[in-house]
Amino acid sequence: MVQIAVVDDEMDILKHLSQIIKDTLTKEQVQFELVTFLKAEDLLSSHRESSFQIIFVDLEMPGIDGLHLAAELRKEDQQALLIFVTSHEEFVFQCFQYEMFYFIRKEFLELELPKVILSAYQKVWNHVSKLQLKSKDKLVSVLADDILYFVSENHKVFMHKKDNVQVQVMYTLEKLEKILPKSRFIRCHSGYIVNCYYIFSINQSEIILTTDNKIPLSRHRKKEVKIIFQQYLRGI
């Protein structure tokens, strides 16, 4: 379940923001938990106990304002998606230093917020969602982010994970192509499916992973691999 927090010192705006988020995600029939705060201090304290993955931050608040809150959050959490909400566009450049996901102007809340929350939710879900895969003797639940690649060897298919564990799975690569998220996993070779999350570079005949693994790249698949990887990068 995706954890979402909203902080704004104005109750009317806080309720309005929250309602748009709830209506948008409920319509999509996705799982989420939304918690609201009137004070930055309360959000910060709660985040330290149970991390939020998406955080909407009002920039102008008494006490700890939005920028100071972002600075404190980034000291402890580099992964949470920060979405700044304000009536003042001049703050946008100050927000970049905190690796913001998006900057929403309050006057365009109804127009921009639904698209932003869906995009943020999808990004978080891509990283926290688990895949259920059949291994040789049981059903394995694994995070998509934990998988480096799949390889077919001697008529058997193995899943290679980031912790250097290798697991035989009871699928062909053709079957895996159908059940794996197409936005994350690419068939780059007749014997390999690779996770976009770990691609460092794409060369003439191989893919280099951030783990230094080298995955062969078929010449006739290269164009498609580059297109899918570029689409993945735009969606991050």
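Criteria and thresholds
Residues numbered from 1 in each chain as written. Predicted model: local features only at pLDDT ≥ 70, side-chain atom pairs only at ≥ 80, totals over all residues. Heavy atoms only, no water. Salt bridge = Lys/Arg side-chain N within 4 Å of Asp/Glu carboxyl O. Helix = DSSP H or I, 4+ residues; strand = E, 2+ residues; numbered from the N terminus. Buried < 20%, exposed > 50% of the residue type's maximum accessible area, 1.4 Å probe, protein only. Core = buried A, V, L, I, M, F, W, Y, C linked by side-chain atoms within 4.5 Å. Contact = heavy atoms within 4.5 Å. Axes fitted to C-alpha atoms, helices over the stretch in contact; angles between N-to-C directions. Parallel < 35°, antiparallel > 145°, perpendicular 65-115°, else oblique. Nonpolar A, V, L, I, M, F, W, Y, C, P; charged D, E, K, R; others polar. Pairing = 2+ DSSP bridges.

Peer 1: Report on the pattern of salt bridges, specifying residues and quantitative values.
Peer 2: All chains considered together, the criterion is met by ten salt bridges. Close ionic contact of E177 with R187 constitutes a salt bridge, the shortest N to O distance being 2.7 Å. Residue E177 is found in helix 6 (residues 173–179), and its partner R187 is found in strand 11 (residues 185–189); the two are separated by ten residues along the sequence. With a relative accessible area of 32%, E177 lands in the partly exposed category.

Peer 1: Tell me about the nonpolar core, residues and numbers included.
Peer 2: In this structure, I4, I21, I54, F56, I83, I104 and L113 are the most contacted members of the largest nonpolar core, which totals 25 residues. Among the elements of the structure, strand 1 (2–7), helix 1 (11–27), strand 2 (32–37), strand 3 (54–58), strand 4 (81–86) and helix 5 (109–128) are those that each provide at least two residues to this core. Among the elements that line this core, the one with the most residues is helix 5, at seven residues. What I21 contacts, discounting residues up to four positions off in sequence, is I4, V6, L34, F56, L113 and I117.

Peer 1: Mind laying out the packing of helix 2 (residues 40–49) against helix 3 (residues 66–76), listing which residues take part and the relevant values?
Peer 2: The N-to-C vectors of helix 2 and helix 3 enclose an angle of 10 degrees; their axes lie 10 Å apart at closest approach. One finds that helix 2 runs roughly parallel with respect to helix 3. Here A40, L43, L44, H47 and R48 of helix 2 lie close against helix 3, whose contacting residues are L69, E72, L73 and E76. In the contact of helix 2 with helix 3, the residues fall into five nonpolar, one polar and three charged.

Peer 1: Give a description of the sheet that holds strand 15 (residues 214–216) that names residues and reports values.
Peer 2: Strand order in this open sheet of three strands is 13-14-15, and the pairing throughout is antiparallel. Both edges of this open sheet fall to strand 13 (199–202) and strand 15, since each of them pairs with a single strand only. Shown here is a sheet whose adjacent strand axes are inclined to one another by a mean of 25 degrees, direction ignored. Direction of pairing for strand 13 relative to strand 14 (residues 206–209): antiparallel, over a ladder of three bridges. Paired with I202 across the bridge in strand 14 is I207.

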